[in-house]
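Residue-level listing of the chains:
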Amino acid sequence: MKQTQLFPSEKTQLPHDVTLFFRRWLSNPLQMGSIVPSSAKLGELIAKQIDKNSNSLVLELGAGTGAITRSLIKSGIAPGRIAMVEIVPEMADHLQTKFPGTKVLQADAFNLPKSLLQKTGLEVGTVICGIPLVLLGEEKQRQFIQQVEAVAPGRGFLLYTYCITSPLPYHTLNLEAQRLAWTPKNFPPASVWHYRPKT
Ligand SMILES: C[S@@+](CC[C@H](N)C(=O)[O-])C[C@H]1O[C@@H](n2cnc3c(N)ncnc32)[C@H](O)[C@@H]1O
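Residues numbered from 1 in each chain as written. Predicted model: local features only at pLDDT ≥ 70, side-chain atom pairs only at ≥ 80, totals over all residues.

*Asks:* Mind laying out the environment of Met91, listing which residues take part and the relevant values?
*Replies:* When you line up the elements, Met91 lands in helix H5 (residues 89-98). Under the C-beta neighbour-count criterion, Met91 is labelled buried, with 23 such atoms within 10 Å. Placed 25 residues apart in sequence, Met91 and Gly66 show a C-alpha to C-alpha distance of 8.9 Å. (Helix = DSSP H or I, 4+ residues; strand = E, 2+ residues; numbered from the N terminus. Buried ≥ 20, exposed ≤ 12 C-beta atoms within 10 Å, placed from the backbone.)

*Asks:* So what's going on with the site of the ligand? Which residues, and what values?
*Replies:* Lining the immediate surroundings of the ligand are 24 residues, of which Pro37, Gly62, Gly64, Ala67 and Ala109 lie closest. Contributions of two or more residues to the shell around the ligand are made by helix H2 (29-32), helix H4 (67-74) and strand E2 (82-86). (Near = placed C-beta within 6 Å.)

*Asks:* With reference to specific residues and values, describe the packing of helix H3 (residues 40-47) against H4.
*Replies:* Direction vectors running N to C along H3 and H4 enclose 55 degrees, while the axes themselves pass 8 Å from each other. The orientation of H3 relative to H4 falls into the category oblique. The handedness of the crossing between H3 and H4 is right-handed. Contacts from Ala40, Gly43, Glu44, Ile46 and Ala47 in H3 reach Ala67, Ile68, Arg70, Ser71 and Leu72 in H4. Considering only residue class, the contact of H3 with H4 consists of six nonpolar, two polar and two charged. (Axes fitted to C-alpha atoms, helices over the stretch in contact; angles between N-to-C directions. Parallel < 35°, antiparallel > 145°, perpendicular 65-115°, else oblique. Left-handed = near helix turned anticlockwise from the far one by under 90°. Contact = placed C-beta atoms within 7 Å. Nonpolar A, V, L, I, M, F, W, Y, C, P; charged D, E, K, R; others polar.)

*Asks:* So, the sheet that holds strand E4 (residues 124-129): which residues are in play, and what are the values?
*Replies:* Two orientations exist for strands paired in a sheet by backbone hydrogen bonds: parallel and antiparallel. One open sheet holds the seven strands; their spatial order is E3-E2-E1-E4-E5-E7-E6, and the pairing between them is mixed. A strand with exactly one partner marks an edge of an open sheet, and here the two such strands are strand E3 (103-106) and strand E6 (175-183). Between one strand axis and the next, the sheet turns by 20 degrees as a mean value, whatever way the strands run. Sheet analysis places strand E1 (residues 57-61) next to E2, joined by four bridges and oriented parallel. Directly across from Glu60, in E2, lies its bridge partner Met84. (Pairing = 2+ DSSP bridges.)

Structure (structure tokens):
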């Protein structure tokens with residue numbers, strides 16, 4: 001049986017994603033945090049955490065080439081529920097072309113354009129972080145948490161990471177932490193954590 005392709009140009013875009021990602025890594029390794037895009041398996045694990053029946057916004061911070069986004073859409077999340085923030089203009093343009101119907105903001109996640117997010121008219125339900133927070137200092141990590149709190153109070157965020165233990169010092173940051181999933185089917189093997197403010 002012929003399988004319907006969700007993204008018609010997926011096969012031809014994948015090598016482009018890899019080269020775009022690698023090029024960005026060469027230019028700024030700390031901003032990228034990895035040499036290659038995330039795997040579909042990691043995307044599936046993240047998508048599983050999201051309520052498909054809700055109409056709330058899924059906000060992806062540091063969406064890169066959209067490997068996680070692709071899994072979100074494949075899992076049944078409507079593109080209109082997805083907003084992405086990506087700091088690199090070339091990647092933001094690529095995301096907007098690749099995922100029609102989603103909202104892409106070319107911006108710094110540490111200075112979130114809240115008014116633009118409000119324009120979606122949806123409440124933020126889930127925040128996914130692809131930014132390698134582990135490579136940043138505690139002050140920057142606190143700043144990130146504040147930004148998330150401002151748009152999704154009390155909800156916290158999902159963070160994928162290649163660390164074996166928690167990538168964030170959550171006690172110090174006054175967060176609750178839970179490791180939700182792990183997969184060896186990613187390079188490097190990755191975990192999904194949920195952090196949220198201590199109640
Ligand atoms: C680990 S990569 C994302 C990987 C993505 N899942 C993929 O497979 O392509 C991290 C992304 O975060 C972006 N990024 C880093 N710092 C950022 C910031 N302050 N604001 C927004 N995006 C940022 C990088 O440009 C990069 O695209």
